[in-house]
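# Structural characterization, general
One-letter residues, chain by chain:
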Amino acid sequence: MNLPFRIDLRNKVIVITGAGGILCSHLAKAVAACGAKVALLDLNKEAAQMQAEEIGSIGGIAKAYQANVLRKDSLEACHEQILKDFGSCDILINGAGGNNPKATTDNEFAEVEDVTKDFKTFFDLEQEGVEFVFNLNFLGTLLPTQVFAKDMVGRKDCSILNISSMNAYTPLTKIPAYSGSKAAVSNFTQWLAVHFSHIGIRVNAIAPGFFSTKQNEKLLWNSDGTPTSRTGKILAATPMGRFGVVDDLVGATLFLLSPQAAGFITGVCIPIDGGFSSYSGV
């Protein structure tokens, strides 16, 4: 793959959760191209395996593992296997996350007449769905960190990269649980950066803006492929006037992972959103 620049990740073991997805699988390819040994973790092992095979086909080193980021025993079993296959984890990318329809409202604004309409309001959000989204994004970051960061204690050039969201800066309508949980990820990134500062582990995050993926396609595109009204609002509020593409994440990721480039940087969250979080609308 074409990289904006290369960093030396030879002899580094990088663990990536959510690695079967579009964004994190692309980051996996980027770090593999820099020489890392990459452990691809996903609940869907088949998806991770496809990515591992693709990395292998271009000369990279990668292996897929099935892991549930909401079960510490699953992560610990995966950790033991990675130790045997590759050795200790040097870098952890916490990419697992997502939303759920049960935690999403149909309306953007509450209106008095909503009680007469047949759609899901804030009052209809299901506790199960809200809990799932919070757990997936926040606990799905905390638990892998507990398991894999132990390998990093007292070693040089180790770091953690969390995947937050532009939602952490400004919550979006319809998805309160997702927005709140990503804000928690950003806050947790700062907390971890301070907590780990004496033991040599840097902790940072990136906050992607709007990327059109399978996760959000129903919010952005109608069944006939035309853009939804939400897409129109997004692009109007994005100064650069487009959705992000996966290559847009690579440069910031490599920069934050590089001890030479970012060795004195910890606790930051870089928005990669085309200016969305900076634009007031006027």
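This text gives an overview of the structure that appears in the document. Starting afresh in each chain, residues are numbered from 1 along the sequence in its written order. The predicted nature of this model means local features are confined to residues of pLDDT at least 70 and side-chain atom pairs, given and counted, to a pLDDT of 80 or more, with totals for whole chains, interfaces and linings taken over all residues. Water and hydrogen atoms were dropped before computing side-chain values, which therefore reflect all heavy atoms in the structure.

## Some points on the nonpolar core
Membership of the largest hydrophobic core comes to 33 residues, with the highest contact counts inside it found for Ile-16 and Val-31. Every element with two or more residues in this core is listed here: strand S1 (13-17), helix H1 (22-33), strand S2 (37-42), helix H2 (45-57), strand S4 (91-94), strand S5 (158-163) and helix H8 (250-257). Helix and strand assignments follow DSSP, with helices taken as H or I runs no shorter than four residues and strands as E runs no shorter than two, numbered in order from the N terminus. Looking at this core element by element, the count peaks at 6 residues for H1. Excluding residues that lie within four positions of it along the chain, Val-31 makes contacts with Leu-9, Ile-14, Ile-16, Ala-36, Val-38, Leu-254 and Leu-257. Put simply, buried Ala, Val, Leu, Ile, Met, Phe, Trp, Tyr and Cys residues joined by side-chain atoms within 4.5 Å make one nonpolar core. A 1.4 Å probe rolled over the protein chains alone gives each residue an accessible area, and that area as a share of the maximum for its type sets the label: buried under 20%, exposed over 50%, partly exposed in between. In this structure, Val-13, Leu-92, Cys-158 and Phe-196 belong to the second largest nonpolar core, which totals 29 residues. By definition in these notes, contact holds between two residues if any of their heavy atoms fall within 4.5 Å.

## Looking at the pattern of salt bridges
We define a salt bridge as a side-chain nitrogen of Lys or Arg found within 4 Å of a carboxyl oxygen belonging to Asp or Glu. Within the structure shown, the criterion is met by 9 salt bridges. Measuring nitrogen to oxygen at the nearest pair gives 2.7 Å for the salt bridge that ties Asp-73 to Arg-71. Look at Asp-73 and you get partly exposed, because its relative accessible area is 43%. When its relative accessible area of 46% is taken as the criterion, Arg-71 is described as partly exposed. It is possible to trace a salt-bridge network through shared partners that takes in Glu-108, Arg-230 and Lys-233.

## Re the sheet that holds S2
Pairing between strands requires that DSSP locate at least two bridges from one strand to the other. Reading across the sheet, the 7 strands line up as S3-S2-S1-S4-S5-S6-S7 and stay open at both edges, with parallel pairing between neighbours. Among the strands making up the open sheet, the edge pair consists of strand S3 (61-66) and strand S7 (269-272). Across the sheet, the axes of successive neighbouring strands diverge by a mean angle of 15°, strand direction being ignored. Inspection of the sheet shows S1 paired to S2 by 5 bridges, in the parallel sense. Each residue of the ladder has a partner; that of Thr-17, found in S2, is Leu-41. Only C-alpha atoms enter the line fits that serve as axes; for helices the fit covers just the stretch in contact. Angles between N-to-C directions range over 0 to 180 degrees.

## Thoughts on the packing of helix H3 (residues 72-85) against helix H4 (residues 127-148)
Following both chains from N to C, one finds H3 and H4 inclined at 40°, their axes separated by 10 Å at the closest point. The orientation of H3 with respect to H4, classified from their angle, is oblique. Here the hand of the crossing between H3 and H4 comes out right-handed. In contact with Lys-72, Leu-75, Glu-76, His-79 and Ile-82 of H3, H4 contributes Leu-143, Pro-144, Gln-146, Val-147 and Phe-148. Of the residues contributing to the contact of H3 with H4, the split by class is 6 nonpolar, 2 polar and 2 charged. Angular relationships are summarised with four words: roughly parallel below 35 degrees, roughly antiparallel beyond 145, roughly perpendicular across 65 to 115, and oblique for the angles in between. Two helices crossing with the near one rotated counterclockwise from the far one by less than a right angle form a left-handed crossing, whereas a clockwise rotation gives a right-handed crossing. When residue character is reported, Ala, Val, Leu, Ile, Met, Phe, Trp, Tyr, Cys and Pro are called nonpolar, Asp, Glu, Lys and Arg charged, and the others, Gly included, polar.

Keep in mind these values describe shape, not function.
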